[in-house]
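Below are the chains, spelled out letter by letter.
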Amino acid sequence: MADKVKEVAIEEVGNIKVQTIKAARSAAYLYPIRGIAYFISHHSLWKPLTSKLAPTFTLGIGITTFMFLFTYLPQMAVMAFTSGPLAAISAALLVLSESSTLFTILSKTFLIEDALVDTFDGVLVSKNTTDLVSEGRQIKGGSDIMGKLGKLTKKPFQKFTPKALIRYLIYLPLNFIPVVGTVIFVVLQGKRAEPAAHTRYFQLKEWNSNQKQKHIEEYKAAYTSFGVAAVLLELVPVASILFAFTNTVGAALWAADMEKGNVTARGTAPKLKEQARKAE
């Protein structure tokens, strides 16, 4: 029995190593970073975000206040057994992480869904993939990127489901394990977070479930790489809403590269590192 357990453990470690190498080679983790730079340099993409700042800020303050009032002390008591004298700090960081995650989930579901769709489509238009965007909305004339976006004919982003919340709550206790637990939590969340960011892309492509699943499986390591980087950014308190938009920009840039044939599953962004170096 012990030998069998050891064999399975060795096999799992091997699989994780292979996936980690593939994820690193894909360079997909650079797209969230590239999304930040692209968002900053293209002011027209700010419009969807600025239109939602007031309600999202209010929601963020409310969630964070509620979480500290009702969950901080219980979690600090539990973490006293795992983090010792650092329990107060660890618990505060955990509550901030939880608040940020809940804020992101709720804001994406009820406040900024349409704004994220506009941002995604706007990036695709800016990258000269207008024909693809026209499959999901009307396109107007003009030079302003966001001004070209007409009425939506398809709304892709899925509403928040109880299953997502249950999965999050199952993973949450991992944070009680110092360092390692948090790393595992982020990886698992990242793996689930993507390829959700390409839901809009899949719809514009008019792929059926089999086509989507084939694509996701082919880019499995790359999606995990992108997802981990995106989740880490969205765990930043207060700034998570901003990173929700920049991650959407990064996902759209990736989709545009896919459309242009600049990426493959084996080397997801072969030109991305070179472009990043030239931009510095």
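Residues numbered from 1 in each chain as written. Predicted model: local features only at pLDDT ≥ 70, side-chain atom pairs only at ≥ 80, totals over all residues. Heavy atoms only, no water.

### Here's the deal with the overall build of the protein
Each helix and strand counted, the protein has 14 helices and two strands in total. Counting every position in the protein, which comprises 280 residues, the buried fraction comes to 42%. Here the contacts in the protein between residues at least 6 apart in sequence split such that 72% fall between residues at least 24 apart. Summing over all exposed atoms, the protein offers an accessible surface of approximately 15,200 Å²; the carbon and sulfur share of this is 64%. (Helix = DSSP H or I, 4+ residues; strand = E, 2+ residues; numbered from the N terminus. Buried < 20%, exposed > 50% of the residue type's maximum accessible area, 1.4 Å probe, protein only. Contact = heavy atoms within 4.5 Å. Areas by Shrake-Rupley, 256 points an atom, 1.4 Å probe, with all protein chains shown as cover.)

### Comments concerning the UniProt feature "transmembrane region" (unreviewed entry) in the protein
Taken from the UniProt record, the annotation "transmembrane region" (unreviewed entry) applies to residues 53-73, 85-106, 168-188 and 221-245. The span residues 85-106 shows a helical share of 91% and a strand share of 0%, and its end C-alpha atoms are spaced 33 Å apart. (UniProt positions renumbered as here; feature names shortened; annotations may be inferred.)

### Section: the nonpolar core
Leu 124, Phe 226, Phe 245 and Trp 254 are the most contacted members of the largest nonpolar core, which has 48 residues in total. Residue assignment for this core shows that the elements contributing at least two residues are helix H2 (30-41), helix H4 (53-83), helix H5 (87-110), helix H6 (113-126), helix H7 (130-133), helix H10 (199-205), helix H12 (220-234) and helix H13 (240-259). Per-element tally for this core: the top contributor is H13, with 11 residues. By size, the runner-up hydrophobic cluster in this structure holds five residues, among which are Phe 185, Val 228, Val 231 and Leu 235. (Core = buried A, V, L, I, M, F, W, Y, C linked by side-chain atoms within 4.5 Å.)

### Some points on the packing of aromatic side chains
As enumerated under the stated definition, the model contains 10 aromatic pairs in all. Aromatic side chains Phe 202 and Trp 207 sit 5.7 Å apart centroid to centroid with 25° between the ring planes, which places their arrangement in the stacked category. For Trp 207, a relative accessible area of 23% translates into the label partly exposed. Their ring planes at 25° and their centres at 5.4 Å tell us that Phe 226 and Trp 254 sit as a pair that is stacked. Of the two residues, Phe 226 is situated in helix H12 and Trp 254 in helix H13; the sequence distance between them amounts to 28 residues. Taken as a pair, Phe 226 and Trp 254 share a single burial class, namely buried. Feature note: the residues Tyr 31, Tyr 219, Tyr 223, Phe 226 and Trp 254 constitute an aromatic cluster, connected by ring pairs. (Phe/Tyr/Trp six-rings, centres within 6.5 Å; stacked < 30°, edge-to-face > 60°.)

### What to know about the packing of H2 against H13
It is the contact of H2 with H13, at a shortest axis distance of 7 Å, that shows an interaxial angle of 105°. Classed by the angle they form, the pair H2 and H13 counts as roughly perpendicular. Each of Tyr 31, Pro 32, Arg 34, Gly 35, Ile 36, Tyr 38 and Phe 39 in H2 lies in contact with H13, whose residues at this interface are Leu 242, Phe 243, Phe 245, Thr 246, Asn 247, Val 249, Gly 250, Leu 253, Trp 254 and Asp 257. Its residues assigned to classes, the contact of H2 with H13 comprises 11 nonpolar, four polar and two charged. (Axes fitted to C-alpha atoms, helices over the stretch in contact; angles between N-to-C directions. Parallel < 35°, antiparallel > 145°, perpendicular 65-115°, else oblique. Nonpolar A, V, L, I, M, F, W, Y, C, P; charged D, E, K, R; others polar.)

### Some details on a nonpolar patch on the surface
A contiguous nonpolar patch, built from Phe 66, Leu 69 and Phe 70 and spanning about 370 Å² of accessible area, is present on the exposed surface. Relative to the elements of secondary structure, Phe 66 occurs in helix H4. Note on Phe 66: relative accessible area 46%, which makes it partly exposed. (Patch = residues over 30% accessible without salt bridge, like charges linked within 9 Å, V, L, I, M, F, W, Y side chains within 5 Å. Salt bridge = Lys/Arg side-chain N within 4 Å of Asp/Glu carboxyl O.)

### As for the pattern of salt bridges
Side chains that differ in charge, positive against negative, can pair when their charged atoms come close. As enumerated under the stated definition, the model contains seven salt bridges in all. The partner of Arg 137 in a salt bridge is Asp 118, with the nearest N and O atoms 2.9 Å apart. Taken together, the residues Arg 137 in strand E1 (residues 137-139) and Asp 118 in helix H6 connect sequence positions 19 residues apart. Residue classification places Arg 137 among the buried positions, given a relative accessible area of 5%. Owing to a relative accessible area of 22%, Asp 118 belongs among the partly exposed residues under this scheme. Members of the salt-bridge network, linked through shared partners, are Asp 118, Asp 121, Arg 137 and Arg 200.

### Some points on the side chain of Thr 129
Secondary-structure assignment places Thr 129 in the loop between H6 and H7. Here Leu 124 takes part through its backbone oxygen, which lies 2.6 Å from a polar atom of the side chain of Thr 129. In this structure Thr 129 touches Leu 124, Glu 259 and Lys 260, once residues within four positions along its chain are discounted. (Polar contact = N/O pair within 3.5 Å; in protein donor to acceptor, adjacent residues only side chain to side chain.)

### Let's talk about H12
Helix length check: H12, at 15 residues, gives a terminal C-alpha distance of 21 Å against a target of 21 Å (1.5 Å per residue), a fit within 8%. A large share of H12 lies buried, amounting to 13 of its 15 residues. (Expected span 1.5 Å × (residues − 1).)

### Structural notes on unusual backbone geometry
In this structure, Asn 128 takes a positive phi of about 60° despite not being glycine. The topology assignment puts Asn 128 in the loop between H6 and H7. Residue Asn 128 is classed as exposed on the basis of its relative accessible area of 68%. For Glu 206, which is not glycine, the phi torsion reads 60° and is therefore positive. Tracing the chain through its elements places Glu 206 in the loop between H10 and helix H11 (209-218). A relative accessible area of 51% means that Glu 206 is categorised as exposed.

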